[in-house]
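Each chain is listed here by its residues.
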Amino acid sequence: MIERVNGQLPVPRARRSRRRIIFTSDLPPDLSAALFALAENLRLLAARLDDSLTGYAASLNRSPSTLSRWFSGQEIPGADFVDRLMDDGDHCTGQPMTSEARKAVHRLHREALGEAAPGSARLQELRDELVTARDKQDQAEHTVELLEGELGRARAAAEHGATEVRRVQKQLWEQAARHSVELDLVIGEAEALKEENATLRERVRQLENALERARERAVEAEQKYEAAEHRLEQAEVEAGEREAAAEERAREAEERAAAVQEVLSELQERMALLQEREARLRGREAEARSAALQEELERLQKELQETLLRAAEAQLRAAEARRAQQRASAVWQWSDEARAAIVQEEPKELQGRRAIAGELDSMPSGVGLELAQRRQQLGQLVVTDPVRALSDYRELLAACLLLLSPQHPQAMELRREMANCQGDAGDPAGAARMLAALADEQADLYGPDHFEVLVTRHDQLVRYGQSGSTAAAMVGLEGLLVDLSRVVGGTAPLALLTRHAMATCLDKMGDHSGAVTAFQSLLLDEQRVIGLDHELLARSRRAIAVARGRAGDAATAVVELRNLLTDLLELQGPAALLTLRTRRSLALWEGRNGDPHGAVEALEVLLADQKRQLSADHPSLFSTRRELATGRGRIGQPEQAALELTQLLADERRVLAPGHPEIRRTEQAYAHWWPAPPDLRGTETSTSS
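Just so we're clear, the structure is a prediction, and the values are computed from it rather than from any experiment.

Reading guide: rules and limits
- Residues numbered from 1 in each chain as written.
- Predicted model: local features only at pLDDT ≥ 70, side-chain atom pairs only at ≥ 80, totals over all residues.
- Heavy atoms only, no water.
- Helix = DSSP H or I, 4+ residues; strand = E, 2+ residues; numbered from the N terminus.
- Areas by Shrake-Rupley, 256 points an atom, 1.4 Å probe, with all protein chains shown as cover.
- Expected span 1.5 Å × (residues − 1).
- Buried < 20%, exposed > 50% of the residue type's maximum accessible area, 1.4 Å probe, protein only.
- Contact = heavy atoms within 4.5 Å.
- Axes fitted to C-alpha atoms, helices over the stretch in contact; angles between N-to-C directions.
- Parallel < 35°, antiparallel > 145°, perpendicular 65-115°, else oblique.
- Left-handed = near helix turned anticlockwise from the far one by under 90°.
- Nonpolar A, V, L, I, M, F, W, Y, C, P; charged D, E, K, R; others polar.
- Core = buried A, V, L, I, M, F, W, Y, C linked by side-chain atoms within 4.5 Å.
- Salt bridge = Lys/Arg side-chain N within 4 Å of Asp/Glu carboxyl O.
- Polar contact = N/O pair within 3.5 Å; in protein donor to acceptor, adjacent residues only side chain to side chain.
- Phe/Tyr/Trp six-rings, centres within 6.5 Å; stacked < 30°, edge-to-face > 60°.
- 1 Å grid on protein atoms, 1.4 Å probe; cavity = no way out; pocket = protein on both sides within 12 Å on 5 of 7 lines; lining within 4 Å.
- Points joined across faces, edges and corners; volume = space filled by probe spheres on them.
- pLDDT = per-residue confidence, 0-100.

(A) Region of the structure containing the overall build of the chain. A tally of helices and strands in the chain yields 25 helices and 0 strands. Carbon and sulfur atoms provide 52% of the accessible area of the chain, an area that totals close to 37,900 Å².

Laid out in structure tokens, this is it:
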């Protein structure tokens, strides 16, 4: 940076009295460190100019307010303005800045850009790399020209030497008869000339080799220049694609809002028609004079009430059947023993049916079926794009609450699904809070031992563990398992899910051997209860292999994960989320078992497949990006690892909730690899597998 003398900038002796840019106010104290350093150095550079702020702004075709915002840290100028400011200062002071000082100013400019606009900072870095590559290419071409000139001069000298040798030889033959003594001297001179000629030829050969090496360096510089230019073009294309995707999401959101508005308008029209019919019926009742007409009206009202009650009960049964079918497809088909063991309080259930029947009186025909279809579609969308699914869930719940109360069974199930979607989208702590409130409402309505209450408690504790409160989640899961064993039995499907969550907590708390034992016991019960080809068995097999690896047996973990991946490709296909996660686990443990380069290649292929199957903000995609960057660090690419982790950290902070465990893991990995000491390659920096 620019050095001060007694707190002031150096001023040329010949121009002590000149116009200068004077700043009347200090820099704002709330600026970040990067912005403060850049603004302070820009002010120091401006002090070297022989002009006022208004005059200098006019010479740049800029407004003085724009320059003021740049010099006060409110905005970040472009790199061209920074270079122009340094060049103009060199011209005014007659004291050019050193290359180190210019590089330091450029570094401060990039750091400020990286903090305020990471995408612009990356584009600026690529432009700097492009300029550096072009300078190296120019230097290589200049070196080639110098070597070619020297080679030409050496060849001319060699030819001149050969001509001189031939001339001397001719003189020797002519003087051989008369001057035998002088002949010996001339022969010696010819020998010396031959040796000099050989030396010159050797020099020519060396120069030719140097020219060839210079040409190779020139070709290498050209290739680096083309690679930098390609990366810049690719970054600009990706920035355009992200902008187009954002515009497409905004357009889709507007279309969904318009569709919801149309549905609301239709519902309002139907409600108006119902109110009009009710008014007409009341008018008819007021006009009835005779007892016969009054009796007939009462009979019609009774028949209408019974018809509505039967229709409401039919819709309730259909909704309950759809919920059971969706739950079976999402978890598994309940066995007869488990279904018979579920305890429901019949009096409260009958009261709930009567309350639901009263609410369904005002529900338009087909709304229940449409709600079930929308929930099924959102359940499929959660797998690939949970962020978008969460937005759709909120819109659907708002529309549903226009017809149903928040305590309606369908509304409660929709609220539980939306909370779990929020956890999948990157906010497990918020999901746990929503599920805890829902469990309290269900317990007040149905009783603490109702099956729906137990399901919500299970989901709430799982999300609580995912948010980082593993020990507290373990205590809650133990209490839930006691209640499940008492209500539905220790081998009921929900009890098996709870045991799986408890074993996962053991693994996260560092008891890897205990986790292996718990998962193995769980796997035996799952095989006995639900069969051999179910997805939950595959989840338990994957968890066992990962826990083995963390316990120190990486070789066995690799073998078990390979066998599991073969079965998953046959049962679920390559696009299933569990298949993709198993591929990531296999790549990680292959790398830790002695093949780090193969692990990086496998993760690169997996990341490309996930980008085709999942959304760009999917948390599973973030995990693969972190493991790939960590793998690059292990194979000797710490700078690339730090760059990729920086980009990943920005995306995670944008999508995931503050304090998310995945953000902490990425921060730890970044701190490990930047700067990355060479003797730390291969050290464990990641915990997700």
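(B) Examining helix 13 (residues 409-424) more closely. The terminal C-alpha atoms of helix 13, which comprises 16 residues, lie 23 Å apart, in line with the 22 Å expected from a rise of 1.5 Å per residue. With respect to burial, helix 13 is a largely interior element, 14 of its 16 residues being buried. Downstream of helix 13 by a residue or two, Gly426 has a phi angle that is positive, lying close to 120°.

(C) Geometry of helix 18 (residues 512-530). Compared with the 27 Å implied by 1.5 Å per residue over 19 residues, the 26 Å span of helix 18 between its first and last C-alpha is a close match. Buried residues of helix 18: His512, Ala515, Val516, Phe519, Leu522, Leu523, Asp525, Glu526 and Ile530, and no others. Those residues of helix 18 that are buried are in contact with helix 17 (493-508) and helix 19 (535-550).

(D) The arrangement of the packing of helix 15 (residues 451-466) against helix 17 in detail. Packing of helix 15 against helix 17 brings their axes to within 11 Å, and their N-to-C directions diverge by 15°. Our classification of the angle between helix 15 and helix 17 gives roughly parallel. For the element pair helix 15 and helix 17, the recorded crossing hand is left-handed. Residues Phe451, Leu454, Val455, His458, Val462, Gly465 and Gln466 of helix 15 lie in contact with helix 17, whose contacting residues are Leu494, Leu497, Thr498, Ala501 and Lys508. Of the residues belonging to the contact of helix 15 with helix 17, the class tally is 7 nonpolar, 4 polar and 1 charged.

(E) Focus on the packing of helix 17 against helix 18. Running from amino to carboxyl end, helix 17 crosses helix 18 at an angle of 165°, the nearest separation of the two axes being 8 Å. The angle between the axes of helix 17 and helix 18 places the two elements in the roughly antiparallel class. Crossing handedness for the pair helix 17 and helix 18: left-handed. Counted together, Leu496, Arg499, His500, Ala503, Thr504, Leu506 and Asp507 of helix 17 and His512, Gly514, Ala515, Ala518, Phe519, Ser521, Leu522, Asp525, Glu526 and Val529 of helix 18 form the full contact between these two elements.

(F) Just the side chain of His500, in detail. You can see His500 is positioned in helix 17. In this structure, His500 is in contact with Phe519, Leu522, Arg539, Ser540 and Ala543, ignoring residues within four places of it in sequence.

(G) A look at the nonpolar core. Within the largest apolar cluster, 32 residues are counted, with the highest numbers of intra-cluster contacts made by Leu454, Leu477, Leu484, Val488, Leu494 and Phe519. Listed by contribution, the elements that provide at least two residues to this core are helix 15, helix 16 (470-487), helix 17, helix 18 and helix 19. Considering every element that reaches this core, the biggest residue donor is helix 17, with 8 residues. In this structure Leu454 touches Pro448, Asp449, Leu480, Asp483, Leu484, Val487 and Leu494, once residues within four positions along its chain are discounted.

(H) Here's a closer look at the pattern of salt bridges. Applying the stated rule across the entire model yields 30 salt bridges. A salt bridge links Arg625 to Asp651, with the nearest nitrogen and oxygen atoms 2.9 Å apart. Here the residue Arg625 occupies a position in helix 23 (residues 619-634), and Asp651 occupies one in helix 24 (residues 638-655), the gap between them amounting to 26 residues. Linking Arg626 and Glu652 is a salt bridge whose minimum nitrogen-to-oxygen distance equals 3.7 Å. In this pair, Arg626 is assigned in helix 23 and Glu652 in helix 24, connecting sequence segments 26 residues apart.

(I) Inspection of the side chain of Ser467 at higher detail. By secondary structure assignment, the location of Ser467 is in the loop between helix 15 and helix 16. Looking at Ser467, the relative accessible area reads 17%, which means it is buried. Of note is the side chain of Ser467, whose polar atom sits 2.6 Å from the backbone oxygen of Tyr464. When residues no more than four places from it in sequence are discounted, the contact partners of Ser467 are Pro428, Ala429, Pro661 and Arg664.

(J) Spotlight on the packing of aromatic side chains. If you walk through the whole model with that rule in mind, you get 2 aromatic pairs. Ring geometry for Trp70 and Phe81: centres 4.6 Å apart, planes at 55°, overall tilted. Taken together, the residues span a long stretch of sequence, with Trp70 in helix 3 (residues 64-71) and Phe81 in helix 4 (residues 79-93) at a distance of 11 residues. One aromatic cluster in this structure is built from Trp70, Phe71 and Phe81.

(K) Structural context of empty space enclosed by the protein. Under the criterion given, the structure shown has 3 cavities of 30 Å³ or more. Of the voids in this model, the largest cavity is the one considered here, and its volume is about 70 Å³. In terms of lining, the largest cavity is formed by Ala587, Leu588, Gly591, Pro596, Ala599, Val600, Leu603, Gly631 and Arg634. Elements with a contribution of two residues or more to the lining of the largest cavity: helix 21 (577-592), helix 22 (596-613) and helix 23. Top contributing element to the lining of the largest cavity by residue count: helix 22, with 4 residues. Tallied by class, residues from the lining of the largest cavity come to 6 nonpolar, 2 polar and 1 charged.

(L) Structural context of the environment of Leu371. Mapping Leu371 onto the fold places it in helix 11 (residues 367-384). Residue Leu371 is classed as buried on the basis of its relative accessible area of 7%. In this structure, the C-alpha to C-alpha distance between Leu371 and Cys400, residues 29 residues apart in sequence, is 7.9 Å. Those residues in contact with Leu371 that sit more than four places away from it in its chain are Leu396, Cys400, Gln410 and Leu414.

(M) Representation of the environment of Glu667 in the model. As for its position among the elements, Glu667 is in helix 25 (residues 661-673). A sequence separation of 18 residues divides Glu667 from Leu649, and the C-alpha atoms of the two residues are 7.2 Å apart. The contacts of Glu667, once residues within four sequence positions are left out, are Leu649 and Arg653. Within polar-contact distance, the side chain of Glu667 engages the side chain of Arg653 at 2.9 Å.

(N) Inspection of the confidence of the model for the chain at higher detail. Per-residue pLDDT for the chain averages 76, and the proportion of residues at 70 or more is 71%. Scored below 50 in pLDDT, residues 323-365 shows 66 contacts in the model against residues more than four places distant or in partner chains.

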